[in-house]
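# Observations on chain architecture
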Amino acid sequence: MAGTALLGRLTWQIAEVVDVVAETPRVKTIAFDVPGWPGHRAGQHVDIRLTAEDGYQAERSYSIASAPDGERLELTVERLDDGEVSPYLTDELRAGDQIELRGPVGGYFVWEPSQGGPVLLAGGGSGVVPLMAMVRLRAAISGDVEMRLLLSSRGWDDVIYRDELERLNGDSLTVVHALTRSQPPGWTGFARRVDAEMLAEVGPSPAERPHVYVCGPTPFVEVVAEAFVQLGHDPRQVKTERFGPTGG
Amino acid sequence: MDSLMLDGNAVAGLLQEVFAVEMTAAIGTCAGCGASEPVGAVHVYRGAGIVLRCPHCDNLLAKVVKDGTRVWLSFPGLQTLAVAA
């Protein structure tokens, strides 16, 4: 499957909202029912298109948060205050609403269980979303691939999927948090931005040739991907996905 | 580093719209420095159109402009593009 071309033109289709769940004060997960959804790979995304009454259209890409699960699809969206699309998705959508989407798209920033491990995931803020699809896929197939997730968030209340990650943490999945701006009382974890020293501590070492996935805002990805290469990781083992302020 | 910079993942849908095939895993070779990278890893800048640049030498690889009825593509700095058959 990996590397296989997926033939066929993309077509827009109607998806129906089945659930909206708040993850943090700024982030919501929206679950859709997508008739005929062909399934997806962990790390892929969809394009969403909104059309105003005057015909103006805005398109944005959102990473798929859920592991493949029939015709159910979950997106996790961070509200950008000056965004054209995200405030509508996070504030206005209710169960029963319909929206246009197309996908799945992408084939570079994907993880297949057959690739094996170890796997090292580094996410900044809502950059955790496509990484969570990988974490969930691994859990769904009861995989024993060694996987580590280093997640950088501003504070404990900003950690997306916090409770689920706490539940999944253990055995061969290790979840490590870095809280960059504020830490709860008694916090003993990382309290700074991700750097090379932190990546070396979280591991695995370059000698173990981990598959590395880095996703977050562009400055986060630049710093983290560069640090991985400095530590001696093969650049070709380090896959990156950047999102920017124009994403909203 | 430009915080407005994105990467090839951001144009996966647009490229698949044009080529009718998943393109981010296709391997592009830069005509400037000869480096090969998956399309998903190249640098992308959005303006009036979309510009793809080599992540190693910043060479202009490709431009994509949509005008409502057509998609205009040019590949000034792309030596080859290898797509899974």
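First, a word on scope: everything that follows refers to the structure included in this document.

Criteria and thresholds
- Residues numbered from 1 in each chain as written.
- Chains lettered and ligands numbered in written order.
- Predicted model: local features only at pLDDT ≥ 70, side-chain atom pairs only at ≥ 80, totals over all residues.
- Heavy atoms only, no water.
- Helix = DSSP H or I, 4+ residues; strand = E, 2+ residues; numbered from the N terminus.
- Rg over C-alpha atoms; globule rule 2.2 N^0.38 Å.
- Buried < 20%, exposed > 50% of the residue type's maximum accessible area, 1.4 Å probe, protein only.
- Contact = heavy atoms within 4.5 Å.
- Areas by Shrake-Rupley, 256 points an atom, 1.4 Å probe, with all protein chains shown as cover.
- Salt bridge = Lys/Arg side-chain N within 4 Å of Asp/Glu carboxyl O.
- Expected span 1.5 Å × (residues − 1).
- 1 Å grid on protein atoms, 1.4 Å probe; cavity = no way out; pocket = protein on both sides within 12 Å on 5 of 7 lines; lining within 4 Å.
- Points joined across faces, edges and corners; volume = space filled by probe spheres on them.
- Nonpolar A, V, L, I, M, F, W, Y, C, P; charged D, E, K, R; others polar.
- Patch = residues over 30% accessible without salt bridge, like charges linked within 9 Å, V, L, I, M, F, W, Y side chains within 5 Å.

Our next topic: the overall build of chain A. For chain A, the helix and strand inventory stands at 5 helices and 11 strands. The C-alpha atoms of chain A give 18 Å as radius of gyration, which agrees with the globular expectation for 248 residues (18 Å, within 12%). Counting over 248 residues, chain A shows a buried share of 50%. Looking at chain A alone, contacts between residues at least 24 apart form 72% of all its contacts between residues at least 6 apart. As presented, chain A carries roughly 10900 Å² of accessible surface, and 47% of it is formed by carbon and sulfur atoms.

Further remarks concern the pattern of salt bridges. Residues and elements named next belong to chain A. With the rule as written, the count across this model stands at 21 salt bridges over all chains. We note a salt bridge from Arg60 to Glu84, for which the minimum N-O separation is 3.2 Å. Here the residue Arg60 occupies a position in strand β4 (residues 57–63), and Glu84 occupies one in the loop between β5 (72–78) and α1 (86–92), the gap between them amounting to 24 residues. A salt bridge links Arg162 to Asp157; the shortest N-O distance between them is 3.4 Å. Under the relative-accessibility criterion, Arg162 is labelled partly exposed at 23%. The exposed category is assigned to Asp157, whose relative accessible area is 56%.

Here we take up helix α2 (residues 128–140) of chain A. Residues and elements named next belong to chain A. Here α2 contains 13 residues, and its C-alpha end-to-end distance of 18 Å stays within 8% of the 18 Å for a straight helix at 1.5 Å per residue. Along α2, 11 of the 13 residues are buried, which leaves the element largely enclosed by surrounding structure. Residues Val128, Val129, Pro130, Leu131, Met132, Ala133, Met134, Val135, Arg136, Leu137 and Arg138 constitute the buried set of α2. Looking one or two residues beyond α2, the residue adopting positive phi is Ser142, at roughly 50°.

In this section: the side chain of A:Thr24. Relative to the assigned elements, A:Thr24 resides in strand β1 (residues 13–24). A residue is classified by how much of its surface remains accessible, and A:Thr24, at 9% relative accessible area, is buried.

Here the focus is empty space enclosed by the protein. All names here are of chain B. What the rule picks out here adds up to 2 cavities of 30 Å³ or more. Empty space within the largest cavity amounts to approximately 130 Å³. Lining the largest cavity are 14 residues, with Val39, Leu52, Ala62, Phe75 and Leu78 positioned closest to its centre. Those elements that place two or more of their residues in the lining of the largest cavity are α1 (12–19), β6 (60–66) and β8 (78–82). When grouped by side-chain class, the residues that make up the lining of the largest cavity number 13 nonpolar, 1 polar and no charged. The volume enclosed by the second largest cavity comes to roughly 40 Å³. In this structure, the second largest cavity is lined by Gly28, Thr29, Cys30, Ala35, Ser36, Glu37, Val42, Cys54, Pro55 and Leu61.

Turning to a nonpolar patch on the surface, a few remarks are in order. All names here are of chain B. On the surface, Phe19, Leu73, Phe75, Leu81 and Val83 cluster together into a nonpolar patch covering about 360 Å² of accessible area. Considering the arrangement of structural elements, one finds Phe19 in helix α1. Among the residues examined, Phe19 registers a relative accessible area of 31% and is labelled partly exposed.

In short, the description is geometric, and any link to function would need to be established separately.
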